[in-house]
Amino acid sequence: MYATLKQFGLPAVAGSTAVLASHPLELVKSRLQLDNELRARGATSQYSGWLDCVQTSWARGGARDLWRGVQFGVAREFVFNAARIGSFDFFKVLLADFPPIVAGFCSGALGGCVANPVEVLKVRFQALGGATGHQHAAFSDAGFWASLRRLVADEGWRACAKGLGVSTLRGALGPGTQLPAYYELKRRCGAAGLDADSPAVHGACSAASAGVSIAFCNPADVVRTRVYNGPAGNARYADAFDAFRKILAAEGPTA
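Residues numbered from 1 in each chain as written. Predicted model: local features only at pLDDT ≥ 70, side-chain atom pairs only at ≥ 80, totals over all residues. Heavy atoms only, no water.

Just to check I follow, could you spell out the overall build of the chain for this structure?
In terms of helices and strands, the chain carries 10 helices and 0 strands. The helix and strand sequence of the chain, counted from the amino end, reads α-α-α-α-α-α-α-α-α-α. Since a compact globule built from 255 residues should have a radius of gyration of about 18 Å, the 19 Å found for the chain is in line with a globular shape. Reported as C-alpha extents along the three principal axes, the dimensions of the chain are approximately 50 × 40 × 35 Å. Taken over 255 residues, the chain has a buried fraction of 45%. When contacts within the chain are restricted to residue pairs at least 6 apart in sequence, long-range pairs at least 24 apart make up 73% of them. Counting every atom, the chain has about 12800 Å² of accessible surface; 65% of that belongs to carbon and sulfur. (Helix = DSSP H or I, 4+ residues; strand = E, 2+ residues; numbered from the N terminus. Rg over C-alpha atoms; globule rule 2.2 N^0.38 Å. Buried < 20%, exposed > 50% of the residue type's maximum accessible area, 1.4 Å probe, protein only. Contact = heavy atoms within 4.5 Å. Areas by Shrake-Rupley, 256 points an atom, 1.4 Å probe, with all protein chains shown as cover.)

Please explain the pattern of salt bridges as it appears in this structure.
Once their charged atoms are close, side chains differing in charge can pair, the charge on each being opposite to the other. Throughout the structure, instances matching the rule amount to 20 salt bridges. The salt bridge partner of Glu 26 is Lys 122, with a shortest N-O separation of 3.3 Å. Taken together, the residues span a long stretch of sequence, with Glu 26 in helix α1 (residues 2-34) and Lys 122 in helix α6 (residues 116-127) at a distance of 96 residues. With relative accessibility at 22%, the residue Glu 26 sits in the partly exposed group. Using a relative accessible area of 5% as the deciding quantity, one classes Lys 122 as buried. When the shortest N-O distance is used, the salt bridge between Lys 246 and Asp 242 registers 3.2 Å. With Lys 246 and Asp 242 both in helix α10 (residues 240-251) and 4 residues apart, this pair spans about one turn of that helix. Assessed through its relative accessible area of 24%, Lys 246 is described here as partly exposed. Given a relative accessible area of 10%, Asp 242 falls into the buried group. Via salt bridges that share partners, Glu 26, Lys 29, Arg 76, Glu 77, Glu 119, Lys 122, Arg 170, Asp 221 and Arg 224 belong to a single interconnected network. (Salt bridge = Lys/Arg side-chain N within 4 Å of Asp/Glu carboxyl O.)

Before we go on, may I ask you to explain a nonpolar patch on the surface in this structure?
Among the surface-exposed residues, Leu 25, Trp 50 and Leu 51 lie close enough to one another that they form a single nonpolar patch of about 340 Å² accessible area. Among the secondary structure elements, Leu 51 is positioned in helix α2 (residues 50-66). (Patch = residues over 30% accessible without salt bridge, like charges linked within 9 Å, V, L, I, M, F, W, Y side chains within 5 Å.)

In this structure, what is going on with the environment of Ala 161? I would like to understand it.
For Ala 161, the location among the structural elements is in the loop between α7 (144-155) and α8 (164-191). In sequence terms Ala 161 and Leu 128 are 33 residues apart; their C-alpha atoms lie 21 Å from each other.

What's the story with the packing of α1 against α6 in this structure? I'm lost.
Any two packed helices are characterised by how steeply their axes cross, that is the angle between the axes, and by the distance between the axes. Where α1 meets α6, the closest approach of the two axes is 9 Å, and the angle between their N-to-C directions is 80°. Our classification of the angle between α1 and α6 gives roughly perpendicular. Where α1 approaches α6, its residues His 23, Glu 26, Leu 27, Ser 30, Arg 31 and Leu 34 are matched on the opposing element by Lys 122, Val 123, Gln 126 and Ala 127. For the contact of α1 with α6, the residue count by class is 4 nonpolar, 3 polar and 3 charged. (Axes fitted to C-alpha atoms, helices over the stretch in contact; angles between N-to-C directions. Parallel < 35°, antiparallel > 145°, perpendicular 65-115°, else oblique. Nonpolar A, V, L, I, M, F, W, Y, C, P; charged D, E, K, R; others polar.)

Whenever I open this one, the nonpolar core confuses me. Can you help?
Phe 72, Leu 121, Leu 151 and Cys 160 are the most contacted members of the largest nonpolar core, which has 14 residues in total. Counting only elements with at least two residues in this core, the list comes to α3 (70-84), α6 and α7. With 5 residues, the top contributor of residues to this core is α6. In terms of nonpolar packing, the next biggest core, distinct from the first, is built from 10 residues, Val 166, Val 223, Ala 243 and Ile 247 among them. (Core = buried A, V, L, I, M, F, W, Y, C linked by side-chain atoms within 4.5 Å.)

Sorry, what's going on with the packing of α3 against α6 here?
In contact at an axis separation of 9 Å, α3 and α6 are set at 150° when each is read in the N-to-C sense. Regarding the angle of α3 to α6, the classification is roughly antiparallel. Once α3 is placed against α6, the crossing between them reads as left-handed. Contacts from Gln 71, Phe 72, Gly 73, Ala 75 and Arg 76 in α3 reach Val 118, Glu 119, Leu 121, Lys 122 and Phe 125 in α6. (Left-handed = near helix turned anticlockwise from the far one by under 90°.)

Laid out in structure tokens, this is it:
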């Protein structure tokens with residue numbers, strides 16, 4: 001029992017704690033991903049870059065605006081990390097005949113599935129107050145459970161599965177590349193004579209593997225943010241593939 005709590009609980013608590021510091025950057029990322037939505041390539045954006053987004057958000061609402069929706073960020077990291085990191089060793093054993101990246105894909109896909117309803121709410125809260133005009137006023141003053149009830153009441157239970165396919169793909173691409181990269185980097189550090197269990201090696205390998213993960217999953221992340229933010233009755237995107245196609249056609253590959 002203790003081993004199970006440690007395997008699933010520690011990643012959940014660690015991720016939930018870390019997001020208290022990283023949430024403003026998550027919010028900025030979401031607002032930038034919504035900026036210039038389906039406008040012709042080369043059109044003027046609301047934000048000139050991520051620093052401008054930080055400054056604009058601070059000017060509009062101070063620290064409160066930058067930490068908007070943090071309760072959803074905490075809930076998302078708790079569920080996502082418990083599933084993706086906690087299940088990684090299980091999938092490594094189950095899929096021992098395959099490369100570790102396969103276990104990473106499976107554990108990440110599981111995390112993406114279970115965290116999806118919270119992801120929908122998190123993105124919508126992060127869009128509130130931004131300069132891009134993406135607003136969901138019905139959620140502006142609601143807490144976690146009230147927002148979930150409002151989402152289901154307004155859009156039905158299907159809203160909890162909005163973007164589930166691309167969220168699963170994004171979840172697979174993230175841990176599917178990050179976790180194997182982390183273990184491989186640690187292995188190489190050990191082979192080079194470094195202490196693979198030292199905090200410095202852990203930190204360096206974590207940061208480097210995160211960069212690998214972002215390079216692979218960012219396109220899916222942009223598509224997911226756009227799909228999540230679409231309210232009920234919005235025919236802007238039929239599905240994630242349609243969103244990908246329209247983004248590429250209207251804004252170009254740099255979007």
